[in-house]
Amino acid sequence: MDRKLRLKIFLRSLFLQSGWNFERFQNIGLCFTLLPHLKKIWPDSTRFKKAFLRHFGIFNTHPYMAGFIIGNICSMEKKISSAKSTEEEEKFIKSSVNIKSALASSFASIGDRIFWGRLTPIASMLCLIVWAIAGFYGWFLNYGEPEASIYILFAGPVSGAILITCVSLYVRWEGLKCGYECGGEKLCGLDMFSWPKIISRLSWIGLISTVSIFIFSLVLASIYYYKNFGIEGLIFKAILVIAAIGIFLIFRRLKKSIFLVLATVIVFSIVVVFISQIEGIALIL
Amino acid sequence: MEIIRIIISGLIGGIFHLDNGQFGQFFLSRPTFMGVLIGSFNGCPVEGAIMGILIELIYSDFLPLGGVVPPNGLIASSIAVLLYAHSFQNMSLAFFIAIFAGVFYSKIESFLRRKRSLWNAIMEEEIQDNRFKINYWIAKTFIVESASSATFIILFSLIFKILAKFCNFRVVFPITDLAFSLVPWIVLTALILKFRRQVVGCKSPKGCK
């Protein structure tokens, strides 16, 4: 595949999710992506139509990992177009369909684990780390009027976006190249990186960064409450936080949604606010 | 003037919504970024950032696996900022209502995706008749998605702006303020548990290797 065509397909692959539907998932986006390649290798309109409809069926994978499968499809289509007999052509078509669906589900699973399961929350943690370094703690100490410059506020989410975008664009571009080079092979692209190692390392990075942010916030919040509300205020707040975390842990054990946890925390807050307004108890609190 | 700001914010939300599911996924539609962006436009970037990051951390509990449509963080953060700036001047109530709005919008998104399934048969017929209009269908998706999200943000914010004039929401502020102050600790615990499960899973013999 020449560089110009690869760039064209790469740019079109950014539209893969458009037209997502429950019947055939990413079929519209996939056909839109493949269009320049199919037009090039199938100049005859009848055969082009056939090839186009071949890819208009069910297709669903992770958008960032789709490059591997798209490259593979392009390579397989080229093989189909250069088949010497009808039998050979049908054999290639059959294996192309099978490989496409097998790779789509494998890469969907890898992509979900890497990007949605790990890199996305790591990007959120990166945002909090950037804010913490810049001295903005308003997200957990939101009393009074927290202040921060607009540049610091943007720096947090933009750093996360840059991290994810750089990784995703690299995987998309290299995936397209790798998929085209090993097109037709069942393990095409699956052995390009050591995916389990990457997944495991990202889990550790995520855990370490989240625990660090938690401890940092806890220490800072404790100092803040002690300075502003004294030891009683600190103990009262600590009891509330422990109770809220306890509610969350109970619901998590019961495999309930986080929204149910939030609803219960609101009910818990109603009770606390009601109790704190009773004379006598208010004095203790 | 406030209504014009709400409308422009809705339109900005509608455009950035395309990054969420239609083009690129460059993370510009993440709640934190949108919170700061819409917040800057409405004069409350700090509050936008605070509500945005908490919405992002809550919604990161959901994975958009397979055909699952997760709650929409962009809608939630945009609405949170607009409710704060133009209806309540209180972050906590705006935040909890916006969380509900994000979940509600995912039902609308599911509906749009279901409706798009009908396009397949029409497109197949067009292709059989040698009429390739795939660019038209892609453009139609963009317009429908963008318009529906913008309309939802604007209408939801306007409804609460009107409600805020007639109802005394101040009564619930102490309750929502307390609940809101506990949210960061809950979401961080949720994330720690999530990563811990992943790490332990990878260590076990049945793990990622």
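If you're wondering where the values come from, they're calculated on a predicted model, not measured in any experiment. (Residues numbered from 1 in each chain as written. Chains lettered and ligands numbered in written order. Predicted model: local features only at pLDDT ≥ 70, side-chain atom pairs only at ≥ 80, totals over all residues. Heavy atoms only, no water.)

A. Looking closely at the overall build of chain A. Helix and strand counts for chain A come out as nine helices and zero strands. Ordered by position in the sequence, the α and β elements of chain A form the string α-α-α-α-α-α-α-α-α. Relative to the globule expectation of 19 Å for 285 residues, the C-alpha radius of gyration of chain A, 27 Å, shows a markedly less compact shape. Expressed as lengths along the three principal axes of its C-alpha atoms, the size of chain A is roughly 90 × 35 × 30 Å. Within chain A, contacts between residues separated by at least 24 positions form 73% of all contacts whose residues are at least 6 apart in sequence. Of the roughly 13,700 Å² of accessible surface on chain A, a fraction of 66% belongs to carbon and sulfur atoms. (Helix = DSSP H or I, 4+ residues; strand = E, 2+ residues; numbered from the N terminus. Rg over C-alpha atoms; globule rule 2.2 N^0.38 Å. Contact = heavy atoms within 4.5 Å. Areas by Shrake-Rupley, 256 points an atom, 1.4 Å probe, with all protein chains shown as cover.)

B. Fine view of the overall build of chain B. Each helix and strand counted, chain B has eight helices and zero strands in total. When its helices and strands are written in sequence order, chain B yields α-α-α-α-α-α-α-α. Across its three principal axes, chain B shows a C-alpha extent of roughly 65 × 60 × 25 Å. Expressed as a percentage of its 209 residues, the buried residues of chain B come to 61%. Within chain B, contacts between residues at least 6 apart in sequence are counted, and of these 75% link residues at least 24 apart. Here chain B displays about 8,400 Å² of accessible surface, and carbon together with sulfur accounts for 67% of that area. (Buried < 20%, exposed > 50% of the residue type's maximum accessible area, 1.4 Å probe, protein only.)

C. Main features of the confidence of the model for chain B. This prediction gives chain B a mean pLDDT of 92; 95% of its residues lie at or above 70. Scoring of the predicted complex yields 0.94 for pTM and 0.93 for ipTM. (pLDDT = per-residue confidence, 0-100.)

D. Representation of the packing of aromatic side chains in the model. For the structure shown, the criterion picks out 40 aromatic pairs over all chains. With 5.3 Å between their ring centres and 25° between their planes, Phe259(A) and Phe62(B) make a pair best called stacked. Of this pair, Phe259(A) sits in helix H8 (residues 258–276) while Phe62(B) sits in the loop between helix H3 (45–59) and helix H4 (73–88), on two different chains. Residue Phe259(A) is classed as partly exposed on the basis of its relative accessible area, which comes to 21%. (Phe/Tyr/Trp six-rings, centres within 6.5 Å; stacked < 30°, edge-to-face > 60°.)

E. Representation of the pattern of salt bridges within the structure. All names here are of chain B. Scanning all chains against the criterion turns up eleven salt bridges over all chains. Of the charged contacts in the structure, one is a salt bridge between Lys 161 and Glu 2, with a shortest N-O distance of 2.5 Å. Of this pair, Lys 161 sits in helix H7 (residues 134–166) while Glu 2 sits in helix H1 (residues 2–21), placing them 159 residues apart in sequence. Accessibility expressed as a relative area gives 35% for Glu 2, which makes it partly exposed. Residue Asp 129 is joined to Arg 131 by a salt bridge in which the shortest nitrogen-to-oxygen separation is 3.4 Å. Residue classification places Asp 129 among the partly exposed residues on the basis of a relative accessible area of 47%. (Salt bridge = Lys/Arg side-chain N within 4 Å of Asp/Glu carboxyl O.)

F. Structural context of the state of the cysteines. Residue and element names in this part refer to chain A. Summed over the entire model, instances satisfying the criterion amount to one disulfide over all chains. Across the disulfide from Cys 182 sits Cys 188; the S-S distance is 2.1 Å. Handedness of the Cys 182-Cys 188 disulfide follows from its S-S torsion of about 75°: it is right-handed. Just as Cys 182 is buried, Cys 188 falls in that class too. Summary of cysteine pairing: Cys 74 is not part of a disulfide, and the nearest cysteine sulfur, belonging to Cys 188, is at 11 Å. No disulfide involves Cys 127; its nearest neighbouring cysteine sulfur is the one of Cys 166, lying 16 Å away. (Disulfide = S-S within 2.5 Å.)

G. Expanded view of the interface of chain A and chain B. In this complex, chain A contributes 89 residues to the contact, which on the side of chain B involves 80 residues. For the pair chain A and chain B, the summed buried area comes to about 7,700 Å², and 77% of that belongs to carbon and sulfur atoms. In this assembly, chain A and chain B are joined by two salt bridges. A salt bridge links Arg24(A) to Glu124(B), with the nearest nitrogen and oxygen atoms 2.8 Å apart. (Buried area = accessible area lost by both parts, 1.4 Å probe.)

H. Just the packing of helix H2 (residues 31–41) of chain B against H4(B), in detail. Residues and elements named next belong to chain B. Two numbers describe how H2 lies on H4: the axes approach to 8 Å, and their chain directions differ by 30°. By the criterion of interaxial angle, the relationship of H2 to H4 is roughly parallel. As H2 runs across H4, the sense of the crossing is right-handed. In contact with Pro 31, Met 34, Gly 35, Ile 38 and Gly 39 of H2, H4 contributes Gly 73, Leu 74, Ser 77, Ser 78, Val 81 and Leu 82. Classifying every residue of the contact of H2 with H4 gives six nonpolar, five polar and no charged. (Axes fitted to C-alpha atoms, helices over the stretch in contact; angles between N-to-C directions. Parallel < 35°, antiparallel > 145°, perpendicular 65-115°, else oblique. Left-handed = near helix turned anticlockwise from the far one by under 90°. Nonpolar A, V, L, I, M, F, W, Y, C, P; charged D, E, K, R; others polar.)

I. Region of the structure containing unusual backbone geometry. Despite not being glycine, Lys255(A) shows a phi value in the positive range, around 60°. Among the structural elements, Lys255(A) can be located in the loop between helix H7 (195–253) and H8. Residue class for Lys255(A) comes out exposed when judged on its relative accessible area of 76%. In this model, Gln25(B) sits at a positive phi of 55°, which is unusual for a non-glycine residue. Looking at the secondary structure, you find Gln25(B) in the loop between H1 and H2.

J. The arrangement of H1(B) in detail. Residue and element names in this part refer to chain B. The first and last C-alpha atoms of H1 sit 29 Å apart over 20 residues, in line with the 28 Å expected at 1.5 Å per residue. Turning to H1, its buried residues number three or more, namely Ile 6, Ser 9, Gly 10, Gly 13, Gly 14, His 17, Leu 18, Asp 19 and Gly 21. For H1, the elements touching its buried residues are H2, H4, helix H5 (91–116) and H7. (Expected span 1.5 Å × (residues − 1).)

K. Summary view of the packing of helix H6 (residues 119–128) of chain B against H7(B). All names here are of chain B. At a minimum axis separation of 11 Å, H6 and H7 run at an interaxial angle of 160°. On the basis of their axis angle, the class for H6 and H7 is roughly antiparallel. In the crossing of H6 with H7, the sense of the turn from one axis to the other is right-handed. Contacts between H6 and H7 pair Trp 119, Ile 122, Met 123 and Glu 126 from the former with Ile 134, Trp 137, Lys 140 and Thr 141 from the latter. Looking at the contact of H6 with H7, its residues break down into five nonpolar, one polar and two charged.

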